[in-house]
Amino acid sequence: MLAQLPSLQKLVRHLQRLPYLASKNVFKVAGYLLASDPKVVDQLCQAIVDARAVIRRCEQCCNWTEKQALCAICSSDKRNKAVICVVETWHELMAIENVGEFNGLYHVLGGALCPLEGVGPDQLTIPTLLERLNNDVQELIFATNPTPEGEATASYIWSKIANKSMVCSRLASGVPIGASLEFMDRVTIGKAMQGRRPY
Ligand SMILES: [Zn+2]
């Protein structure tokens, strides 16, 4: 049927290349765009082009920055530059920032180590992070995800840190607030037991 609608076929093909968009949703999104006010579609396309033109990686932490070499966090004089929180992606950075408890700097790795998918240290920003670890940095917080890949990434970075006097910690993981233990899986309860704190 799409063969008779070559423009729609082309749009669907482009949407299918987008990650995170489930294949069953591609046709829904295409239909939504076709039925939308042309002005809305123009604005969406222009917003993508504009963002792509001015947004780039911060030269220090690899977070997104607009036009400037350093992002707003790295260039702020209100942040504690002695502490770096290592995250996989900027989504996690945003999640931590939204809590408003952390006042240090970040380092965005761009993912986690996954040798089976060809993701090694050089595919991530691990070399840039290791270069950042001069004497001014006193503490590193690993906030990679509590998945096998996230754990392996934190262990790998830890193994490469020459200055072993640097304080390194891992975000605690365990029982979520408001959850009931009887519904927790074994791994979560195990992690919570290991990461228990004195009362
Ligand atoms: Zn930055």
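Every value quoted in this text rests on a predicted model; they were computed, and no experiment measured them. (Residues numbered from 1 in each chain as written. Predicted model: local features only at pLDDT ≥ 70, side-chain atom pairs only at ≥ 80, totals over all residues.)

## Regarding the domain arrangement of the protein chain
As assigned here, the protein chain comprises domain 1 (2-56) and domain 2 (64-171). Here the C-alpha centroids of domain 1 and domain 2 sit 33 Å apart. (Domains from an automatic or database assignment.)

## Here's the deal with the nonpolar core
Residues Cys61, Val86, Val87 and Tyr106 are the most contacted members of the largest nonpolar core, which totals 25 residues. Looking at this core, the elements with two or more residues in it are strand 3 (80-87), strand 4 (104-108), helix 5 (126-132), strand 5 (139-142) and helix 6 (148-160). Counting residues per element, this core draws most heavily on strand 3, at four residues. In this structure Val87 touches Glu92, Leu93, Tyr106, Val108, Leu109, Ala143 and Thr144, once residues within four positions along its chain are discounted. (Core = buried A, V, L, I, M, F, W, Y, C linked by C-beta atoms within 7 Å. Buried ≥ 20, exposed ≤ 12 C-beta atoms within 10 Å, placed from the backbone. Helix = DSSP H or I, 4+ residues; strand = E, 2+ residues; numbered from the N terminus. Contact = placed C-beta atoms within 7 Å.)

## Section: the environment of Arg79
The topology assignment puts Arg79 in the loop between strand 2 (64-66) and strand 3. Residue classification places Arg79 among the partly exposed residues on the basis of 16 C-beta atoms within 10 Å. When residues no more than four places from it in sequence are discounted, the contact partners of Arg79 are Ile73, Asn103, Gly104 and Leu105.

## A look at the sheet that holds strand 4
With parallel pairing, the four strands of this open sheet are ordered in space as 4-3-5-6. Each of the sheet's edge strands pairs with one partner strand only, and the pair in question is strand 4 and strand 6 (167-170). When strand polarity is set aside, the average angle formed by the axes of neighbouring strands in this sheet is 25 degrees. The pairing of strand 5 with strand 6 spans four bridges and is parallel. Its bridge partner being in strand 6, Glu139 is matched across the sheet by Val167. (Pairing = 2+ DSSP bridges. Axes fitted to C-alpha atoms, helices over the stretch in contact; angles between N-to-C directions.)

## Structural notes on the packing of helix 1 (residues 6-16) against helix 2 (residues 23-35)
Closest axis-to-axis distance for the helix 1/helix 2 pair is 9 Å, and the angle between their directions is 135 degrees. Taken together, the axes of helix 1 and helix 2 lie oblique to each other. In this structure, helix 1 crosses over helix 2, and the sense of that crossing is right-handed. In this structure, helix 1 contributes Leu8, Leu11, Val12, Leu15 and Gln16 to the contact, and helix 2 contributes Ser23, Val26, Phe27, Val29 and Ala30. In terms of residue class, the contact of helix 1 with helix 2 is built from eight nonpolar, two polar and no charged. (Parallel < 35°, antiparallel > 145°, perpendicular 65-115°, else oblique. Left-handed = near helix turned anticlockwise from the far one by under 90°. Nonpolar A, V, L, I, M, F, W, Y, C, P; charged D, E, K, R; others polar.)

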